[in-house]
Amino acid sequence: MGCGPGRNALHLASLGFEVDAVDLSPAAIAWAEDRARAEGAGVRFRCGDVFALAGTELGGPYDLIYDSGCFHHLPPHRRISDLALLERHLAPLGHFALACFAAGGEAGCELDDADLYRQARLHGGLAYSAESLRGIFAGLTEVELRRMRHEPPESPLFGESFLWTGLFRRTLPGVPPGSGSLPPFPGD
Ligand SMILES: C[S@@+](CC[C@H](N)C(=O)[O-])C[C@H]1O[C@@H](n2cnc3c(N)ncnc32)[C@H](O)[C@@H]1O
């Protein structure tokens, strides 16, 4: 979701995932397609609003839905669209991974929802507390939610400690989140 120039989509494709990747920006998608061609990666890129494409052009159910930096740019009322997308497109026992601004860090706006609507601006992205993320994604089972580890500029990895990194898992139909015996996530 909100794949930008395809950093994560290409990484997942290199690991053998079949990837659908969506972004609003035609420039980002064109850049991502160039990179995919150069790498010989078979990612299906689509340009558009991921919520408009959900239920029509998007397929699935997906084993993994990854949102790196899109969620924190959504206005509060779009969180419902986000949950509807997961409900519709995430496979039972599938994973939802998230990277977003963390409250108390040096990035992201911490106004409450009412003030965001009063000011009619998102101020470059919203910062979330762990508690608010756990509330929003309460329908999923939390596998891990922690601050991202900082990576120095010379590192080949991306890592910024002002971001949350989260992994959630969908339960089987009829099983409440957080309960039941679930298969371990690879690497647990
Ligand atoms: C901070 S960038 C992250 C890019 C990429 N995921 C990464 O981690 O490098 C956020 C991206 O989300 C896209 N975006 C925001 N709202 C979107 C929406 N409703 N549908 C699709 N893309 C969206 C923006 O165009 C932007 O490219």
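The coordinates are above.
Everything numeric in this text was worked out from a predicted model, so none of it was measured.

Conventions used here
- Residues numbered from 1 in each chain as written.
- Predicted model: local features only at pLDDT ≥ 70, side-chain atom pairs only at ≥ 80, totals over all residues.
- Heavy atoms only, no water.
- Near = heavy atom within 4 Å.
- Polar contact = N/O pair within 3.5 Å; in protein donor to acceptor, adjacent residues only side chain to side chain.
- Areas by Shrake-Rupley, 256 points an atom, 1.4 Å probe, with all protein chains shown as cover.
- Helix = DSSP H or I, 4+ residues; strand = E, 2+ residues; numbered from the N terminus.
- Nonpolar A, V, L, I, M, F, W, Y, C, P; charged D, E, K, R; others polar.
- Core = buried A, V, L, I, M, F, W, Y, C linked by side-chain atoms within 4.5 Å.
- Buried < 20%, exposed > 50% of the residue type's maximum accessible area, 1.4 Å probe, protein only.
- Contact = heavy atoms within 4.5 Å.
- Salt bridge = Lys/Arg side-chain N within 4 Å of Asp/Glu carboxyl O.
- Pairing = 2+ DSSP bridges.

Draft legend 1. How the structure looks around the site of the ligand. Surrounding the ligand, one finds 15 residues, the nearest of these being Gly-2, Arg-7, Asp-23, Val-50 and Ser-68. In this structure, a nitrogen atom belonging to the ligand sits 3.2 Å away from a main-chain N or O atom of Leu-24. Ser-68 has a polar side-chain atom sitting 2.6 Å from an oxygen atom of the ligand. When the ligand sits alone it has 600 Å² of accessible area, and the protein chains cover 76% of it. Of all the secondary-structure elements, those providing two or more residues to the shell around the ligand are helix H1 (7–14) and helix H3 (50–53). Grouping the constituent residues of the shell around the ligand by class yields five nonpolar, seven polar and three charged.

Draft legend 2. Representation of the nonpolar core. By size, the foremost hydrophobic cluster in this structure holds 30 residues, and its most contacted members are Ile-65, Phe-71, Phe-96, Leu-133 and Phe-137. Among the secondary structure elements, those contributing two or more residues to this core are H3, strand S3 (62–68), helix H4 (78–89), strand S4 (90–101), helix H6 (130–136) and strand S6 (163–169). If you tally residues by element for this core, the top one is S4, at four residues. Not counting the four nearest positions on each side in its chain, Ile-65 is found in contact with Met-1, Leu-85, Leu-86, His-89, Leu-90, His-95, Phe-96 and Ala-97. The next biggest cluster of nonpolar side chains, apart from the first, holds eleven residues, and it includes Ala-9, Leu-10, Ala-21 and Ala-36.

Draft legend 3. Local environment of the pattern of salt bridges. For the coordinates displayed, the defined rule picks out eleven salt bridges. A salt bridge links Glu-18 to Arg-44; its shortest N-O distance comes to 3.8 Å. Remark: Arg-44 occurs in strand S2 (residues 44–47) and Glu-18 occurs in the loop between H1 and strand S1 (20–23); sequence separation between them is 26 residues. By relative accessible area, which is 38% here, Arg-44 ends up partly exposed.

Draft legend 4. Here's a closer look at the pairing of S6. For S6, a buried count of six out of seven residues is recorded, marking the element as mostly surrounded by other parts of the structure. The pairing of S4 with S6 spans seven bridges and is antiparallel. When the sheet's bridge partners are listed, Leu-98 is paired in S6 with Gly-166. Taken together, the six bridges between strand S5 (residues 141–147) and S6 define a ladder with antiparallel strand orientation.

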